[in-house]
Amino acid sequence: MHTSPFPVLTSTVATAPTTGRPVILIGFLDQGNLGIGYLSATLRRAGYAVEVLDVEQPAEQILAYVSQRDPIAVGFSLIFQFYLPRYAELIQLLRSHGIDCHFTMGGHFPTLSSTETLKAIPELDSVVRYEGEQTLLELVACLDRGVDWRGLEGIATREGMNPSRHLAEDLDTLPYPDRNFEPESILGRKAMPILASRGCARTCSFCSIHTFYRSAPGKVVRTRKPAEVVKEMSILHRERDARIFLFQDDDFPLFGPVWKRWTRDFLAELHKARLPGKVIWKINCRADAIDEELFAEMKAAGLYLVYMGLESGTEEGLQTLNKNITVEQNIRAVETLKRLGILYEFGFMMFDPSTSFESVNENLHFLEAITGDGSAAAVFCRMLPYDGTPIKDELARTGRLRGDVSNPDYDFLDDRIEHFYNALHRAMNITGWIHGHRSISPRLNWAWNEAAVMERLFPDVEELEEYRERLRAITKKTNEVLFEFVRTTGRAFSDGVPPTMDAVQLSSYCDHVVPELQYERDRFIARNQHRMLAALAPAA
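Residues numbered from 1 in each chain as written. Predicted model: local features only at pLDDT ≥ 70, side-chain atom pairs only at ≥ 80, totals over all residues. Heavy atoms only, no water.

S.K.: Please set out the overall build of the protein residue by residue, giving values where relevant.
M.R.: Check the secondary structure of the protein and you find 19 helices and 18 strands. Relative to the compact-globule value of 24 Å for 540 residues, the protein shows a C-alpha radius of gyration of 24 Å, a close match. Considered along the principal axes of its C-alpha atoms, the protein spans approximately 70 × 65 × 50 Å. For the protein, with 540 residues in total, the buried portion stands at 55%. Sequence-distant contacts, at least 24 apart, represent 73% of the contacts inside the protein between residues at least 6 apart. With the model as given, the accessible surface of the protein reaches about 22,900 Å², and the carbon-plus-sulfur share is 52%. A gap of 4 Å separates the mean positions of the 60 positive and 74 negative side-chain charges of the protein. (Helix = DSSP H or I, 4+ residues; strand = E, 2+ residues; numbered from the N terminus. Rg over C-alpha atoms; globule rule 2.2 N^0.38 Å. Buried < 20%, exposed > 50% of the residue type's maximum accessible area, 1.4 Å probe, protein only. Contact = heavy atoms within 4.5 Å. Areas by Shrake-Rupley, 256 points an atom, 1.4 Å probe, with all protein chains shown as cover. Lys, Arg positive; Asp, Glu negative; His and termini not counted. Charge placed at Lys NZ, Arg CZ, Asp CG, Glu CD.)

S.K.: An account of unusual backbone geometry is needed here, citing residue identities and associated values.
M.R.: Despite not being glycine, Asp 241 has its phi angle at roughly 55°, a positive value. By the secondary structure assignment, Asp 241 is in the loop between helix 8 (226-240) and strand 12 (242-247). Phi at Glu 311 takes a positive value of approximately 70°, unusual for a residue other than glycine. Within the element layout of this structure, Glu 311 appears in strand 14 (residues 303-311).

S.K.: How would you sum up the packing of aromatic side chains? Please name residues and give values.
M.R.: For the structure on display, the rule yields 27 aromatic pairs. Between Phe 247 and Phe 252 the ring centres are 5.2 Å apart and the planes differ by 75°, which places this aromatic pair in the edge-to-face class. Judged by relative accessible area, Phe 247 falls into the buried class, the value being 1%. The ring centre of Phe 103 lies 3.6 Å from the NZ or CZ of Arg 95, which sits over that ring. Sitting over the ring of Phe 458, Arg 189 keeps its end group 5.1 Å from the ring centre. (Phe/Tyr/Trp six-rings, centres within 6.5 Å; stacked < 30°, edge-to-face > 60°. Lys NZ or Arg CZ within 6 Å of the ring centre and 35° of its normal.)

S.K.: Would you mind going over the environment of Leu 43 in detail, with residue names and values included?
M.R.: By the element assignment, Leu 43 lies in helix 1 (residues 34-45). Sequence separation between Leu 43 and Ser 508 is 465 residues, and the spatial gap between their C-alpha atoms is 53 Å. Residues in contact with Leu 43, not counting those within four places in the same chain, are Val 23, Tyr 48, Val 50, Leu 136, Leu 137 and Val 140.

S.K.: A description of helix 3 (residues 84-96) should follow, citing residues and the corresponding values.
M.R.: With 13 residues, helix 3 ought to run about 18 Å at 1.5 Å a step, and its terminal C-alpha atoms sit 18 Å apart, in line with that. Of all the residues in helix 3, the buried ones are Leu 84, Tyr 87, Ala 88, Leu 90, Ile 91 and Leu 94. Projected down its long axis, helix 3 carries its buried residues within an arc of 165°, all on one side. Seen from the buried face of helix 3, the exposed residues on the opposite side, beyond 90 degrees, are Glu 89 and Ser 96. On its buried face, helix 3 is in contact with strand 1 (23-27), helix 2 (59-69), strand 3 (73-77), strand 4 (102-106), helix 4 (108-112) and helix 5 (114-120). Looking at the residues trailing helix 3, positive phi occurs at Gly 98, about 90°. (Expected span 1.5 Å × (residues − 1). Arc of directions from axis to C-beta.)

S.K.: Summarise the pairing of strand 3; cite the residues concerned and give the values.
M.R.: Within strand 3, five of the five residues are buried, which leaves it mostly tucked inside the rest of the structure. Every second residue of strand 3 is oriented toward a common face, with Ala 73, Gly 75 and Ser 77 on one face and Val 74 and Phe 76 on the other, all of them buried. As paired elements, strand 1 and strand 3 share four bridges and run parallel to each other. Considered in strand 3, the bridge of Ile 26 is made with Phe 76. As paired strands, strand 3 and strand 4 are joined by five bridges and run parallel to one another. Of the residues in strand 4, the one forming a bridge with Ser 77 is Gly 106. At this point the chain moves from strand 3, through helix 3, to the parallel strand 4, and the crossover so formed is right-handed. (Pairing = 2+ DSSP bridges. Right-handed = clockwise from strand over helix to strand, strands pointing away.)

Structure below.
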């Protein structure tokens, strides 16, 4: 008999399985997909066999596997709408080779644009909207029993959308997510994704997450009990030797007195479980949540890395993106983390619908202010108008939206900005600076990540500060080169001034700095290899 320490979610249909046929879930599994993990665990708790496939496997392998299994249903987890064509090709392949079971899809984009999803992929039978644990369970139960599923809450078909299902009120009634994957490893220490909350109270104009949660009935942000989060961490630490926890909350509960109390309760539970010193953790949050006193306490309990969506270094850009924050707050947050010795990474949109040459220069000044000391590699991107976002709706209203459903884009107010951006984008791709096979900025930030992990989990390593100084020098020089390239390229398009640096020179710098970084990293690791291996050895 199937038992579970968790109460089963309320169901309007009988959910016990009548067959041993599995449910197959397909999605991106890089670094672990907790969304699929929660779906899988919910189905397993009800007694269903579940098998999870990585969408990045060769399509022929997926086809061969699904053909052998005769599943009740195949569920597709779509994270970003840009991958819609890839999913469409896979689904068409499965159907064309006789896979005739029910196909459903879930995720932010299918939820907010179910009509477009079903139109783009006619082989789909349904879309599971919003949080899918209970809806998918009931859908599978109906399919298993051969009864009508079309009236279920939370389902969309070509005939229309059914009433939305209520968001899960108590996240602790959900089972711990399945983690049937090999965890990411940082210097031999296993890293596991985890969630403390769902939802986001912010209303950034470029983000579909708050639209996703506000469009369904229920409380927008829900937090788990701190004791339950720490219990899950303790189990993963004990049973899977997880030492690094990557909180995937859209906005870790920190902002305001209620969530600060939640965080302090969480820290107390960590200390009660004696996890500080054994595990470290990373969070995502906004700059206005960085409180020096609280973050000092968090560092003492294992916080080692903070990712912030800074997004813009201009007041106009922050207003366009509806960040409800100031440039000064962004800078102050970074300075606070530096003082505390907490590693930081950030998202930054150098280009958005309001971009001008003046704003690019302001953004460069901002990036120089926070990364000019070499404390982090500078990164930037172009804002993209996701479905379900206010900024996409505004661009459509003003006639500036272009592209298609899987590749939306927009016109800048100044045509020269488009040419400027394209030149930068080509150079970044050719050289592999921010994106690409060499990817200098991600490599630098990964080296900083490793150094932070060494400090917290390998305390016996020697000359760490000297290694950091070398990293800082490489990062500082790399940022200076990037800033100069952006600045001189911008002047070429704004004022017609011949650039002092071109893509060839940028590529040449890449060719020089990547081996230098690798050499410094490998030399330091080799010097401390015996100490690190000793720390990794099982206790006698």
